[in-house]
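A closer look at the structure
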Amino acid sequence: MATRKLIPPEGLHIDFQPSPKQYELWKLLQPECHLCGGKIEQQLVGVDAYGNPRYKPICSHCHNSNIPQLILGGGAAGKLNLCQPIR
């Protein structure tokens, strides 16, 4: 018995690029240095106890590393110690 195989549809084009509006929003959400407006990059500062790389945000123009955590998305995941089981 012959097995039937999937046949791709004709004329199908998949575009993985964001739409112009999505790209504009993404660019607006990107953090910039609050001192000089330079680009924020993640600089490797070492590894943690589990061997995972650790990064620190730093401005590529003025080398400012005092970046507000809220801009970088901190706090969105919450804190681990707040998730306590109900007794």
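None of these values were measured; they are calculated from a predicted model. Along each chain, residues carry numbers from 1 onward, in the same order as the chain's sequence is written. Per-residue local features of the predicted model are confined to residues with pLDDT of at least 70, and side-chain atom pairs are confined, for both listing and counting, to 80 or more; whole-chain, interface and lining totals are unaffected and use all residues. By convention in this description, side-chain values take in all heavy atoms of the structure and omit both hydrogens and water.

**Digging into unusual backbone geometry**
- Notably, His63 is not glycine yet its phi reads approximately 60°, a positive angle.
- We count a stretch as a helix when DSSP gives it H or I for four or more residues in a row; a strand needs E for two or more, and each element gets its number in order from the N terminus. Mapping His63 onto the fold places it in the segment after β2 (53–59).

**As for the side chain of Asn64**
- When you line up the elements, Asn64 lands in the segment after β2.
- Buried means the residue's accessible area, taken with a 1.4 Å probe over protein chains only, is under 20% of the maximum for its type, while exposed means over 50%, and partly exposed covers the values in between. On the basis of relative accessible area, Asn64 is assigned to the buried category, the value being 11%.
- If sequence neighbours within four positions are ignored, Asn64 has contacts with Cys33, His34, Leu35, Pro57, Ile58 and Cys59. The contact criterion used throughout is that any non-hydrogen atoms of two residues lie within 4.5 Å.

**Section: the confidence of the model for the chain**
- On a range of 0 to 100, pLDDT expresses the predictor's confidence in each residue. Per-residue confidence for the chain averages 75 on the pLDDT scale, and 71% of its residues sit at or above 70.
- Contacts of residues 70–80 to residues separated by more than four positions or lying in other chains number seven contacts, the stretch itself having pLDDT below 50.

**Observations concerning the environment of Cys59**
- Relative to the assigned elements, Cys59 resides in strand β2.
- A sequence separation of 18 residues divides Cys59 from Glu41, and the C-alpha atoms of the two residues are 6.2 Å apart.
- Setting aside residues no more than four positions away along its own chain, Cys59 makes contact with Cys33, Cys36, Gly38, Lys39, Ile40 and Asn64.

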